[in-house]
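# Descriptive analysis of the structure
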Amino acid sequence: MSSLRNALPRRAHKERAQPESRKKFGILEKHNDYVVRARAFHRKEEIIRKLREKAALKNPDEFYFKMINSTTVGGVHRPKPEANKYTEEELLLLKNKDMGYILQSMQSEKKKIEKLSSTLHELDAKRPNKHVYFAEDREEAKEIRSRIGESSNMPGLDNIPSRIKKKTASSYRELEERKQRLQKLEKLYGDMALQKELKKPGRKRKLREDETVNPTSQPVYKWRAQRKR
């Protein structure tokens, strides 16, 4: 009987819409809308209750240095700026660590570029023909040479599957991206090395363009010679 009852057509019950006299109040809230609104209200109410409980149980003599080392801006705690947090020696040590990490990244990129280049070079390079042909006379030798020349001039890319072509193209894109990344790392390493040298003691001055032997976009400095004791 249950299967027969389910087979019979049933009347589709529609939810009541907002009456015409109450159109100014917007769409009539349905039960599902009420459930979502009620859950959100009770969740916020529970959060407020827990915060009041924490505030009531808080020790009035509790003290943290963050209370005096931070400020409140728009209801958000922000720490005070610490300009002299690190000494010159500590800053130099941090820069040395950063330079070491960049140098390690450069070496890793160079190895990956060399590996990719060698792989792509082997794919692009044509394999040498080491087959030995034997001819009875000069006419047969000329015929063999012409046949070998025709077979070598035939394009061999048509026999390569599309899957391998796509993989080769992606490898070339990866190689180009790694080369660009290596250039950026080298430029960054050079800038950091220059800043490190400028931090060292000693009199120095920036050379003009006419004083440099090989003018570059980067500034060139010259240190005054000092006597080593």
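Everything quoted here is computed from the prediction, not taken from an experiment.

### Side note on the overall build of the chain
- The helix and strand tally for the chain stands at 5 helices and 4 strands.
- The linear arrangement of helices and strands in the chain, starting from the amino end, is α-α-β-β-α-α-α-β-β.
- Counting all 229 residues of the chain, 10% fall into the buried class.
- In the chain, the share of contacts with a sequence separation of at least 24, taken over all contacts with a separation of at least 6, comes to 51%.
- Carbon and sulfur atoms provide 54% of the accessible area of the chain, an area that totals close to 22100 Å².

### Considerations on the packing of aromatic side chains
- Counted by the stated rule, this structure contains 1 aromatic pair.
- Judged by centre distance (5.5 Å) and plane angle (70°), the rings of phenylalanine 63 and phenylalanine 65 are edge-to-face.
- Since its relative accessible area comes to 46%, phenylalanine 63 is described here as partly exposed.

### A few points about the pairing of strand β1 (residues 70–73)
- In the sheet, β1 pairs with strand β2 (residues 76–79) via 4 bridges, with the strands oriented antiparallel. Bridging from a neighbouring strand, serine 70 pairs with proline 79 of β2.
- The antiparallel hairpin formed by β1 and β2 contains 2 residues in its connecting segment, where glycine 74 sits at a positive phi of about 65°.

### Some points on the pattern of salt bridges
- Taken as a whole, this structure holds 7 salt bridges when the rule is applied.
- Measuring nitrogen to oxygen at the nearest pair gives 2.8 Å for the salt bridge that ties arginine 37 to glutamate 29.
- We classify glutamate 29 as partly exposed; its relative accessible area is 38%.
- In this structure, arginine 181 engages glutamate 109 in a salt bridge whose closest nitrogen and oxygen atoms are separated by 3.3 Å. With arginine 181 in helix α5 (residues 162–199) and glutamate 109 in helix α3 (residues 88–124), the pair connects residues that are 72 residues apart, well separated along the chain.
- Through salt bridges that share partners, Glu109, Glu174, Arg178 and Arg181 make up one connected network.

### Here's the deal with the side chain of serine 70
- Along the polypeptide, serine 70 turns up in strand β1.
- In this view, serine 70 contacts His77, Arg78, Pro79 and Lys80; residues no more than four positions away in its chain are not counted.

### Details of α5
- Over its 38 residues, α5 runs 56 Å from end to end, which matches the ideal 56 Å to within 8%, given 1.5 Å per residue.
- Residues of α5 that are buried include every one of Thr168, Ser171, Leu175, Arg178, Leu182, Leu185 and Met192, and no others.

### Section: the nonpolar core
- Residues Met99, Ile102, Met106, Ile113, Leu116, Leu120, Leu175, Leu182, Leu185 and Met192 constitute the largest nonpolar core, which totals 10 residues.
- Where this core is concerned, the elements lending two or more residues are α3 and α5.
- Broken down by element, this core gets its largest block of residues, 6 residues, from α3.
- Apart from the residues lying within four places of it in its own chain, the contact partners of leucine 116 are Ser171, Glu174, Leu175 and Arg178.

### Focus on the confidence of the model for the chain
- Within the chain, residue pLDDT values average 80, and 81% of them lie at 70 or more.
- When mean pLDDT is compared element by element in the chain, helix α2 (residues 31–57) scores highest at 95, while helix α4 (residues 138–153) scores lowest at 74.

Calculation criteria
Residues numbered from 1 in each chain as written. Predicted model: local features only at pLDDT ≥ 70, side-chain atom pairs only at ≥ 80, totals over all residues. Heavy atoms only, no water. Helix = DSSP H or I, 4+ residues; strand = E, 2+ residues; numbered from the N terminus. Buried < 20%, exposed > 50% of the residue type's maximum accessible area, 1.4 Å probe, protein only. Contact = heavy atoms within 4.5 Å. Areas by Shrake-Rupley, 256 points an atom, 1.4 Å probe, with all protein chains shown as cover. Phe/Tyr/Trp six-rings, centres within 6.5 Å; stacked < 30°, edge-to-face > 60°. Pairing = 2+ DSSP bridges. Salt bridge = Lys/Arg side-chain N within 4 Å of Asp/Glu carboxyl O. Expected span 1.5 Å × (residues − 1). Core = buried A, V, L, I, M, F, W, Y, C linked by side-chain atoms within 4.5 Å. pLDDT = per-residue confidence, 0-100.

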